[in-house]
Amino acid sequence: MFRRSERARQPGRCVAIRLDGEVVNVPDTLSVAAAVLHVHGWRGYRRHLDGTPRAPLCLMGVCQECLITIDGLPNRQGCLEPVREGMVIERQGDDPHG
Amino acid sequence: MAERRHTDIAVIGAGPAGMAAALTLSEAGLRPVVFDMNATPGGQIYRQLAAPQVDATLMGQEYIAGRSLVDAFVTADIDYRPLSRVWWLDRDGEGYVLGVLQQGHSQQWHADRLILASGAMERGWPFPGWQLPGVMYAGAAQILLKQAALLPSAAPILAGSGPLLYLLAWQYLQAGRPPALVLDMAPASRYRTLMRHPVRAWHGRSYLLKGMRLIADLRRAGVAIRQGVSGLRASGSDALERIHYRHAGTWRSLPGTLLLTHFGVVPEPQLMRSLQLRQHWQHEQQCFVPDRDATLSAGTNLWIAGDGGGIGGARNAEREGHLAGFAAIASLGRQPTKRRSATTRRLLAARRRDLAARPLLDALFRVPEGWLAEQPPETLVCRCEAVTRGELDEAIAQGGSGPNQLKAFTRCGMGPCQGRQCGESVTRLLASRTRRSPDDIGYYHIRPPVHSITLGELAADDFDNTNN
Ligand code: FES
């Protein structure tokens, strides 16, 4: 898991997202993938087509390991989408999509 | 029929090179369109610097040094388009046509001139277990730090070779979350390299001093550092549980939940490859780089600036951005002003000085060319299609002699990352097995789209209509 440092510039602004059915507040500067790593860590992020568990690797749009369902659309690149108020995010941890 | 949008000049990327190029153009009275994948300008190095989440005492001076560039960029008259992915790029007469995906909408642009500043990416470097959740790039960890001051909840282990490794360790130390262990995999011969190249060492003295200072701070704080590590494995069932490393000829292991790796950065190849620009293997940097002339031109009305043209770091990228901007202005037939000529000379001199230090850094942080050939056969090379080193070797044994053949035989490189993470590994493996040079072997043919795009996104705007 990744927690916010006490040394972070204050005040940080937050947005409320719905992550796997649960409403959570996260810093508004985060990408979707970063928000998931912040709230849940890398365990359970995604299951790959070969059945193995996977999680974000690069966070800069290269590796495609961050695929996630955003507002009902599966396989979005979570590291390239900033979180928005009211966004609905579902991890693809159980069944592989695509 | 829907109109194609037109611009005199487009810049792809808003890192230091792209921002500098756009600023130079805008100072000359042009209004470039800048497409960038990220939500805010700065690229990877100056990410989030427009609204920093962490301060200089934590990140180091290099980060804050980009502030004036970012500030100038956001206030200049530039058609800046964040969250825009160029998924398709092709020649169109003397200019270029770009397919751009901006927040779910596709647009088609024609640019008379193009500056490519799409930067670098982490070098894909396969080792057993690197696909496990809990293994991430050090660059990704730094992105979390910049984006919202996020730190690992438990002390991570850092492994690899390259300046970023110690920098991240140091930043974590400043933030009160020192790593449990740093596994330095830079070649043991590096001190010999220093002795053998005193002139290079002199050129690179500021980098060397800085590196030594970081290491001294870490040691003083009690961070364990192992130098000369020559093997790495990650294991666990649903996520990382243990890290194994070879040190002084012996394998050791320890429990860990987060392993942050870094094996250097290489130019992001996709757009250059899809234009079929000529590339050559750069032996010092151990990667393919595009051919460019002295004005950074890589073709008609095309310039490549920054790390995408070869790794030179943020300061060099900024200089190259300005230089590419000047070259583009000159191509419009404008007479160079006195000031522009003087600035160009100054930039070229600074660039020469800075690049003179590069071979030293490259030598200090060389990655072992034969690495992949020595990994266990079950090591994943292509993470997307789950293709192992063993499967690739079987295909080679059956006569696969080039990257495209291996792709056809095994699906290696056919997944959503389009070979970004396995392309050079495949070239390397073929080079090891067939004793040919990487130039001889080459790289995958890359065809658009270079970013995944859905039919819905294509239909969401005028893109397909324009071809009617
Ligand atoms: S984490 Fe690599 S593309 Fe998103």
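Scroll up a little and you will see the structure.
All of these numbers come straight from a predicted model, not from anything done at the bench.

**Considerations on the sheet that holds strand β6 (residues 67-70) of chain A**
All names here are of chain A. The mixed open sheet is built from five strands, whose spatial order is β3-β2-β8-β6-β7. For this open sheet the edge positions go to β3 (22-27) and β7 (73-77), each flanked by a neighbour on one side alone. Neighbour-to-neighbour, the strand axes of this sheet turn through a mean angle of 45°, independent of strand direction. Packing of helix α1 (residues 32-39) onto the sheet brings it into contact with β2 (14-19), β3, β6 and β8 (88-90), and relative to β3 it is tilted by some 110°.

**Notes on helix α1 (residues 16-27) of chain B**
All names here are of chain B. Between its first and last C-alpha atoms α1 spans 16 Å; for 12 residues at 1.5 Å apiece the expected length is 16 Å, and the two agree. For α1, the tally of buried residues reaches 11 of 12 residues, placing the bulk of the element in the interior. Buried within α1 we find P16, A17, G18, M19, A20, A21, A22, L23, T24, L25 and S26. Buried residues along α1 sit against β1 (5-12), β2 (33-35), α4 (67-75), β6 (105-116) and α11 (313-331).

**A short note on the side chain of R273(B)**
Residue and element names in this part refer to chain B. Take R273: it is sitting in helix α10 (residues 270-274). Of the side chains with opposite charge, E424 comes closest to the buried, unpaired R273, at an N-O distance of 5.7 Å. Not counting the four nearest positions on each side in its chain, R273 is found in contact with Q279, F288, Y443, Y444 and I446.

**Quick word on the sheet that holds strand β13 (residues 229-235) of chain B**
Residues and elements named next belong to chain B. Strand order in the open sheet made by the three strands is β13-β14-β15, with antiparallel pairing throughout. For this open sheet the edge positions go to β13 and β15 (250-255), each flanked by a neighbour on one side alone. Neighbour-to-neighbour, the strand axes of this sheet turn through a mean angle of 20°, independent of strand direction. Relative to strand β14 (residues 242-247), β13 is paired through six bridges, and the arrangement is antiparallel. Directly across from G231, in β14, lies its bridge partner R246.

**Topic: the pattern of salt bridges**
The full count for this structure, using the stated rule, is 23 salt bridges over all chains. The partner of R54(A) in a salt bridge is E65(A), and the shortest N-O contact between them spans 2.9 Å. Of the two residues, R54(A) sits in strand β5 (residues 53-54) while E65(A) sits in the loop between β5 and β6, which places them 11 residues apart along the sequence. Judged by its relative accessible area of 2%, E65(A) is buried. One salt bridge in this structure joins E62(B) and K210(B), with 3.4 Å as the shortest N-O distance. Of this pair, E62(B) sits in helix α3 (residues 61-64) while K210(B) sits in helix α9 (residues 205-220), and the two are 148 residues apart along the sequence. Residue class for E62(B) comes out partly exposed when judged on its relative accessible area of 42%. Given a relative accessible area of 28%, K210(B) falls into the partly exposed group. Among the charged side chains, a salt-bridge network with shared partners connects R46(A), D50(A), R54(A), E65(A) and R383(B).

The rules we used
- Residue positions within a chain follow its written sequence, with the count starting from 1.
- Chains and ligands are labelled sequentially in the order written, the chains with letters from A and the ligands with numbers from 1.
- Selection of residues for local features in this predicted model requires a pLDDT of at least 70, selection of side-chain atom pairs for listing and counting requires 80 or more, and totals for whole chains, interfaces and linings are taken over all residues.
- Working from all heavy atoms in the structure, the side-chain values ignore hydrogens and water.
- Strands qualify as paired when DSSP identifies two bridges or more between them.
- Where helices and strands are cited, they refer to DSSP runs of H or I of at least four residues and of E of at least two residues respectively, numbered from the N terminus.
- In this analysis, axes come from line fits to C-alpha atoms, helices being fitted only over the stretch in contact, and the angle between any two N-to-C directions falls in the range 0 to 180 degrees.
- Residues count as neighbours in contact if any of their non-hydrogen atoms are within 4.5 Å of one another.
- For a helix, the expected span equals 1.5 Å multiplied by the residue count minus one.
- For each residue, the accessible area found with a 1.4 Å probe, counting protein chains only, is set against the maximum for its type, and the residue is called buried under 20%, exposed over 50%, and partly exposed in between.
- As used throughout, the charge tally considers Lys and Arg to be positive and Asp and Glu to be negative, leaving His and the chain termini uncounted.
- The working definition used for a salt bridge is a side-chain nitrogen of Lys or Arg within 4 Å of a carboxyl oxygen of Asp or Glu.

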